[in-house]
Structure formats: structure tokens, C-alpha cells
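Spelled out, the chains give:
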Amino acid sequence: PFARGGGIERACTPPLDNRRGERIRAMSGQAFIVVDPVSTGGVVAVEAMQRGYSVIIAWSEECSEDMRAHVPDVCKGIKYHAEVEEKSTIPQTAAAVKAAAGGMPIAACIVGAETGVTLADKLSLELGVRSNGIFPLGDRRNKSVQQR
């Protein structure tokens, strides 16, 4: 599933476990969702792929086409397991993610960029994986609300 060239083969080699010098056990057969995998989030997606997860990208409606192009070089040309666009409701988006996973268990749903924080929080709850949950005072991205 990895593109050739640009150092991607090297970047997608499973890392060594520092204690034993062995390759980290692949997590094949599990889906790993990254919401808005731009900038550092793209590197997180690559790391999940290195560990054997089938990475599914979920794009929030807040992530513009221009922003989607902001990926590190190591992420360019990577073929993800699937890509899903945010739907009009969270249950619909979760259903699209589950369909993309094709029956694989979903191990995680994490945010890749600031634009995806709200979707990742809601989607992770809906999918039943570890979550930050919903911020009780409103939008987690609103720093002035967080300080109250």
C-alpha cells in the first residue's frame, strides 16, 4: 500500500523496539482512523501504517482543499486504506467509517489537525473507542471557554 520513491519505503518500515531490538508487532486486521491528517497528523498516520494498522482518513468539513495539501514529504504518495468525508450527522459519518473498515475492528480514532478536533471527539465516542469526549462547556477549540 505504500508509494515508491521519496524515502517512503524507509519511513514505512516497522520501527525497532528499543528494549529488545525486535520489530514492533504489526497490528494487522485493525483500522486506525485519523481525522484531518495534515501537518503532524500526516506523520501520525504514517506511524500507524508502520505498525501495521489499516489507516482510514476522515476529512472534516472544516478542512479545506488547500489545507489538505499541507502534508509532510514523508506522507506524499501514500495510499490509505480508505478516505471518508464528514457526513451531515455523526452517526452517518460513523457508519461510513465502519463501512470503510469492512468489518475490521476499529482500534482508535484520533485527531490529526486542529480542524478535526470536534469531529474526532464526537466520532470517537460514536465508534466506542477511547475518547476525549465532548467538552462540557462548549467547543474544545475555543481557548477562552476552556479558561472559564
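One can find the structure itself at the top, above this paragraph.
On a predicted model such as this, the values are computed, not experimentally measured, just so you know. (Residues numbered from 1 in each chain as written. Predicted model: local features only at pLDDT ≥ 70, side-chain atom pairs only at ≥ 80, totals over all residues. Heavy atoms only, no water.)

Within the structure shown, the criterion is met by four salt bridges. One salt bridge connects R68 with E85, and the closest N-O pair in it is separated by 2.8 Å. In this pair, R68 sits in helix α3 (residues 65-68) while E85 sits in strand β3 (residues 82-85), placing the two residues 17 residues apart along the sequence. Among the residues examined, E85 registers a relative accessible area of 38% and is labelled partly exposed. Residue D73 pairs with K76 through a salt bridge whose shortest N-O separation is 3.3 Å. Looking at K76, the relative accessible area reads 42%, which means it is partly exposed. Ionic contacts of the salt-bridge type, sharing partners, join the residues E65, R68 and E85 into one network. (Salt bridge = Lys/Arg side-chain N within 4 Å of Asp/Glu carboxyl O. Helix = DSSP H or I, 4+ residues; strand = E, 2+ residues; numbered from the N terminus. Buried < 20%, exposed > 50% of the residue type's maximum accessible area, 1.4 Å probe, protein only.)

Our next topic: helix α2 (residues 40-50). Inspection of α2 places G41, G42, A45, V46, A48, M49 and Q50 among the buried residues, and these make up the whole buried set. Phi for G52, located one or two positions after α2, is positive at around 95 degrees.

The element strand β1 (residues 31-35) is extensively covered by neighbouring structure, given that five of its five residues are classed as buried. The alternating pattern of β1 places A31, I33 and V35 on one face and F32 and V34 on the opposite face, and all of these are buried. Here five bridges tie β1 to strand β2 (residues 54-59), and the two strands are oriented parallel to one another. By the bridge assignment for β2, F32 is matched with V55. With α2 bridging β1 and its parallel neighbour β2, the resulting β-α-β unit is right-handed. Inspection of the sheet shows β1 paired to strand β4 (residues 106-111) by five bridges, in the parallel sense. By the bridge assignment for β4, V35 is matched with V111. (Pairing = 2+ DSSP bridges. Right-handed = clockwise from strand over helix to strand, strands pointing away.)

Another point: the packing of aromatic side chains. Across all of its chains, the model carries one aromatic pair by this definition. Centroid distance F32 to Y53: 5.2 Å. Interplanar angle 45 degrees. Geometry classified as tilted. A residue pair is termed long-range when its members are at least 10 positions apart, and F32 in strand β1 and Y53 in the loop between α2 and β2 qualify at 21 residues. (Phe/Tyr/Trp six-rings, centres within 6.5 Å; stacked < 30°, edge-to-face > 60°.)

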